Amino acid sequence: MSDTMLILRTLLQDRNERETNPFISINQANATLLNQVDALQQKCEIADRELVALRTQLSTNPSKAGKMAAAAALRNETRLHEKLEKLQEECNATLKIEAQEKALALETAHLLAQQKDLVAAQEIQLQQQQAELEQTQRAVIHLQDQVKEAQRATLLAVKQYDGLKVTIRQLQKENDSLQKENYTLEFRLVDDKRLLGDELNTLTETIESLKREVDMLRSLKAQEEQRSRGSFGGTNPAQAESKTAQDDGRQIGDFGVIVPNEIKLNIFAHAMEGTCLRYDTSGIGLLATSSSDATVKVFDANLGHVLATLRGSPGSSIISCDLSNNLVVGAGSDKTCRVWNLRTQRMIHHLVGHAQKVTCVRLFNGDKSVLTASSDRSLKVWDISLKTYKQTVTLRHSSTSNCVDVASDSMSAVSGHLDGGLRIWNLHSGERTADMPGVHEAAVTSVRFHPLGNGHILTNAADSCLKVVDVRTGMAIQTFRHLGFQTVHNWSSSAFSPDGRYVIAGSNSTGNIYVWDTTDGSLKKTLEGHTVGVCAIDWGRGSQQQVASVDRMGMLILWA
């Protein structure tokens, strides 16, 4: 407040100086003029008295002397009149100057009034600014208090943050430890399942061998009985019964084919559309999916758990994947193919050699080799049995291939092309052994060898139909269509059931899944579960769960 009073006192002194100094000289000039007027008036009065005295003398002395006096008086009067006129002129000049000074004084007073109004406005503005200053000071004090409070809160938050970091580090360590234990347990479970599968396969082979021996013994016994009765013709009833039982059972190993009826699990697998889905061919209940989000994920098909998430190049799409014998492969738009070890989840090979995107990849059965197809119109065979991969064979053709499949003997492969044709290849020599043009009217999107032999191939194409093609004749022996079934994507897949009795595919438009019977071409079942188009589907050889599908929203459905 003392600073404010000093400011006000200074402003008042400045105002008094501005208002007083212009009038000091005016007052002094006015006083001088008044003194001069008084002196002139006194001189005029003296002259008037002298004039009256002279006139009196002229009236009382009319003689010569009087005439002389009158003449002298006239001269004196003339002189006095001249002096009076001179004084009158001086007086008029003085009055004129006084009038000018009064006009100047009035103008100065007007300017002074304006200055007073301006000073009053400035004082009001000063008071407003003073009030604003006080308000601002109060706001500053309030903000300072808030800053102090925020600083205290920040210090507390920093302490809590440090404590949380310590807690998070501990939790991360515990999480890492638990994840390692979990991975160890999961892979131990996978190994146990694999061993169990191997044992079951061994037992199945033993049982089949024993069955064949029993059938042979029954046949021999029947023949002996026929010989003993003297009859050597006809058909062996035991063999016919055994064949009928095998045909009706449709057994794969000691597991039957499970035609899907309902949804077992719904899993949000990927953030973007799925592109490929493949079961492990060994039948241990693992499946792999790939997506445009540049990942390959491996699931336990029975429980729906994610066992591994394998990542490709950021910003690229993984178009195709496959898994077998603890190996996972994924290839896509970055023109390369990656090979991971499922147990360690580490990439062990990065196959580089194609000039354009890789459209399909398949692992060989029981052999550490990989087959890739690309938009550069070539197929490549890669040997990954050693630490350093090696490209062994390059197969070239005139039309881009969207899909490939490797025969069970790993000697030959089939490729489907944009021109609607199929081509059969010898994987060791690199020769094209068969060319089947015009199988479909549009691009082929999927090819699969029959699971019980290499004589038949299942195809899916952009003309929205599935066909079973005889490899020997190159002709379609069965065609499957439905009004609701549409194939749009270049990677749309289809699959045989493990016994080859059924084929399955999903519509890219409605999301419905269709199961057809290969014996008569009839539609066996329509499954509804996806809300958008199905991108990929497969039929595995698991004991509890065999069919899975993934759609454009990245949703994975396991069917039971």
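We now turn to the structure provided with this report. The shown structure was predicted, so the numbers you read here are calculated from the model rather than taken from an experiment. (Residues numbered from 1 in each chain as written. Predicted model: local features only at pLDDT ≥ 70, side-chain atom pairs only at ≥ 80, totals over all residues. Heavy atoms only, no water.)

**Here's the deal with the environment of Thr-167**
- As for its position among the elements, Thr-167 is in helix α2 (residues 64-229).
- Among the polar contacts listed, one links the side chain of Thr-167 to the backbone oxygen of Gly-163, at a separation of 2.9 Å. (Helix = DSSP H or I, 4+ residues; strand = E, 2+ residues; numbered from the N terminus. Polar contact = N/O pair within 3.5 Å; in protein donor to acceptor, adjacent residues only side chain to side chain.)

**Examining the packing of aromatic side chains**
- Applying the stated criterion to the full structure yields six aromatic pairs.
- With centroids separated by 5.8 Å and ring planes inclined at 25 degrees, the aromatic side chains of Tyr-514 and Trp-516 adopt a geometry described as stacked. Just as Tyr-514 is buried, Trp-516 falls in that class too.
- Through pairs of rings, three or more aromatic residues link up here, namely Phe-480, Phe-485, Tyr-514 and Trp-516. (Phe/Tyr/Trp six-rings, centres within 6.5 Å; stacked < 30°, edge-to-face > 60°. Buried < 20%, exposed > 50% of the residue type's maximum accessible area, 1.4 Å probe, protein only.)

**Observations regarding the sheet that holds strand β15 (residues 390-396)**
- Spatially, four strands are ordered β12-β13-β14-β15 in an open sheet, and the strand pairing comes out antiparallel. With partners counted over all chains shown, the strands left at the sheet margins are β12 (358-363) and β15, one partner each. Within this sheet the neighbouring strands show an average axis-to-axis angle of 20 degrees, counted without direction.
- Where strand β14 (residues 378-383) meets β15, six bridges bridge the pair, whose relative direction is antiparallel. Across the sheet, the residue bridging to Trp-382 is Gln-391, located in β15. (Pairing = 2+ DSSP bridges. Axes fitted to C-alpha atoms, helices over the stretch in contact; angles between N-to-C directions.)

**Thoughts on the pattern of salt bridges**
- Throughout the structure, instances matching the rule amount to eight salt bridges.
- Between Asp-334 and Arg-338 there is a salt bridge, with its nearest N and O atoms 2.7 Å apart.
- Of the residues examined, Asp-334 reaches a relative accessible area of 21% and is grouped as partly exposed.
- By relative accessible area, which is 11% here, Arg-338 ends up buried.
- We note a salt bridge from Asp-517 to Arg-501, for which the minimum N-O separation is 3.2 Å. Of the two residues, Asp-517 is situated in strand β26 (residues 513-517) and Arg-501 in the loop between β24 (494-496) and β25 (502-506); the sequence distance between them amounts to 16 residues.
- Looking at Asp-517, the relative accessible area reads 6%, which means it is buried. (Salt bridge = Lys/Arg side-chain N within 4 Å of Asp/Glu carboxyl O.)

**Comments concerning the environment of Lys-524**
- Within the secondary structure, Lys-524 sits in strand β27 (residues 523-527).
- Considered as a pair, Lys-524 and Glu-225 are 299 residues apart in the sequence and their alpha carbons are 44 Å apart.
- Setting aside chain neighbours within four positions, we find Lys-524 in contact with Tyr-502, Val-515, Trp-516 and Asp-517. (Contact = heavy atoms within 4.5 Å.)

**Remarks on a nonpolar patch on the surface**
- A cluster of nonpolar side chains, Met-5, Ile-7, Leu-8 and Leu-11, forms an exposed patch at the surface whose accessible area comes to about 370 Å².
- One can find Ile-7 in helix α1 (residues 2-60).
- Exposure remark for Ile-7: the relative accessible area of 47% places this residue in the partly exposed category. (Patch = residues over 30% accessible without salt bridge, like charges linked within 9 Å, V, L, I, M, F, W, Y side chains within 5 Å. Areas by Shrake-Rupley, 256 points an atom, 1.4 Å probe, with all protein chains shown as cover.)

**Focus on the sheet that holds β26**
- As summarised here, the arrangement of the four strands in space is β24-β25-β26-β27, forming an open sheet in which the pairing is antiparallel. On the outer flanks of this sheet lie β24 and β27, each paired with one strand and no other. Here the strands of the sheet are splayed against their neighbours by 15 degrees on average, with no regard to which way each runs.
- The sheet contact formed by β25 and β26 spans five bridges and is antiparallel. Bridging across to β26, Ala-505 finds its partner in Tyr-514.

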